[in-house]
Amino acid sequence: MNPMRFQKENTGTAPVTVKKALVLISQGGYKRIGKMIEDSFAENNCELVFDYFNGECSTNEIDRLLKVVKDKGCDLTIGIGGGKIFDTAKAVAHYAGTQVFICPTIASTDAPCSALSVIYTDEGVFEKYLFLPANPNLVMMDTEIIAKSPVRLTVAGMEMRLQLILRQEHAREVKQLPTQVETQQVLQWHWQNSALIP
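Residues numbered from 1 in each chain as written. Predicted model: local features only at pLDDT ≥ 70, side-chain atom pairs only at ≥ 80, totals over all residues. Heavy atoms only, no water.

Peer 1: I'd like a rundown of the side chain of Lys90, residues and numbers included.
Peer 2: Of note, Lys90 is situated in helix H4 (residues 83-96). Of note is the side chain of Lys90, whose polar atom sits 3.0 Å from the backbone oxygen of Ser114. The residues contacting Lys90, other than those within four sequence positions of it, are Val100, Ile102, Ala111, Ser114, Leu116, Ser117, Leu132 and Pro136. (Helix = DSSP H or I, 4+ residues; strand = E, 2+ residues; numbered from the N terminus. Polar contact = N/O pair within 3.5 Å; in protein donor to acceptor, adjacent residues only side chain to side chain. Contact = heavy atoms within 4.5 Å.)

Peer 1: Describe the state of the cysteines, naming the residues involved and giving the relevant values.
Peer 2: By definition, a disulfide is the covalent link that joins the sulfur atoms of two cysteine residues. Counted according to the given criterion, the structure contains zero disulfides. No disulfide involves Cys74; its sulfur sits 8.6 Å from that of Cys46, the nearest cysteine. (Disulfide = S-S within 2.5 Å.)

Peer 1: So what about the packing of aromatic side chains? Which residues, and what values?
Peer 2: This model, assessed by the stated rule, comprises four aromatic pairs. Taking 5.9 Å as the distance between ring centres and 45° as the angle between the ring planes, the aromatic pair formed by Tyr129 and Phe131 counts as tilted. Put simply, the rings of Tyr30, Phe50 and Tyr52 pair up and form one aromatic cluster. Above the face of the Tyr120 ring, Lys84 is positioned so that its terminal group lies 4.4 Å from the ring centre. (Phe/Tyr/Trp six-rings, centres within 6.5 Å; stacked < 30°, edge-to-face > 60°. Lys NZ or Arg CZ within 6 Å of the ring centre and 35° of its normal.)

Peer 1: Can you lay out the packing of helix H3 (residues 59-72) against H4 for me, pointing to particular residues and giving the numbers?
Peer 2: Following both chains from N to C, one finds H3 and H4 inclined at 55°, their axes separated by 9 Å at the closest point. Comparing their axes, H4 and H3 come out oblique. When you trace H3 past H4, the crossing you get is right-handed. When H3 is examined against H4, the residues Glu61, Ile62, Leu65, Leu66 and Val69 are found in contact with a partner set consisting of Thr88, Ala91, Val92, Tyr95 and Ala96. Here the residues of the contact of H3 with H4 are counted per class, giving eight nonpolar, one polar and one charged. (Axes fitted to C-alpha atoms, helices over the stretch in contact; angles between N-to-C directions. Parallel < 35°, antiparallel > 145°, perpendicular 65-115°, else oblique. Left-handed = near helix turned anticlockwise from the far one by under 90°. Nonpolar A, V, L, I, M, F, W, Y, C, P; charged D, E, K, R; others polar.)

Peer 1: Any details on the confidence of the model for the protein chain? Residues and values, ideally.
Peer 2: For the protein chain, mean pLDDT is 81; residues scoring 70 or higher make up 69% of the total. Mean pLDDT per element in the protein chain: helix H1 (residues 3-11) is the minimum at 51, and H3 is the maximum at 98. (pLDDT = per-residue confidence, 0-100.)

Peer 1: Before we move on, can you summarise the environment of Ser26 with the specific residues and values?
Peer 2: Within the element layout of this structure, Ser26 appears in the loop between strand E1 (20-25) and helix H2 (27-41). With 28 residues separating them along the chain, Ser26 and Asn54 place their C-alpha atoms 7.7 Å apart. Other than its neighbours up to four places away in sequence, Ser26 contacts Tyr52, Phe53, Ile80 and Ile85. A polar atom in the side chain of Ser26 sits 2.9 Å from the backbone nitrogen of Gly29.

Peer 1: Any chance you could break down a nonpolar patch on the surface for me, citing the residues and the numbers?
Peer 2: A surface patch of nonpolar side chains, amounting to about 300 Å² of accessible area, comprises Phe126, Tyr129 and Phe131. Looking at Tyr129, the relative accessible area reads 37%, which means it is partly exposed. (Patch = residues over 30% accessible without salt bridge, like charges linked within 9 Å, V, L, I, M, F, W, Y side chains within 5 Å. Areas by Shrake-Rupley, 256 points an atom, 1.4 Å probe, with all protein chains shown as cover. Salt bridge = Lys/Arg side-chain N within 4 Å of Asp/Glu carboxyl O. Buried < 20%, exposed > 50% of the residue type's maximum accessible area, 1.4 Å probe, protein only.)

Peer 1: I'd like a description of the pattern of salt bridges, backed by residues and values.
Peer 2: Any two side chains of opposite charge can pair, so long as their charged atoms come close to each other. Tallying each qualifying case throughout the model produces seven salt bridges. Two residues, Glu56 and Lys84, come together in a salt bridge whose shortest N-O distance is 2.8 Å. Linking Glu56 in the loop between strand E2 (47-52) and H3 with Lys84 in helix H4, this pair joins segments that are 28 residues apart in sequence. By relative accessible area, which is 17% here, Glu56 ends up buried.

This is the structure:
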């Protein structure tokens, strides 16, 4: 799971030249695949700075990780795991001005492909949407890792995708009342920025 090697071999573009990357991952994720990640980067000149995700994509967590990026001199942000890790990594990269690479370990969310971070309080209460100017620079999925993820999460991802499609279809049919305009804009934005809907 080496995003730099993957980018060169599979997209035909030159790999991103980075000296240091912040790798945002859960403690459990690091226990499962941390060694594999370290080994895959052994042949590169990119130093990895691992930091464990604190559980919520909150302003405090983003600010904490921004400080890590600045203090350590990271020029790339990599999010490995699930949706809240991705949203946090995307927000950190946005504010730090780095590229962001996303590596899902589960298939239960559309967060890897969207140009959106959902921000919560430290207690997990929804706070706001952070609309980003671009989608992640690279999304890389290792199918062996995904296949080993809990089945309930894969099924949850299928359900989430179907619900989103149904909401989008409904939003197209509903007349826009003043209270529906903002919801319609969010759904339309989601639809336009989703790579998984044909």
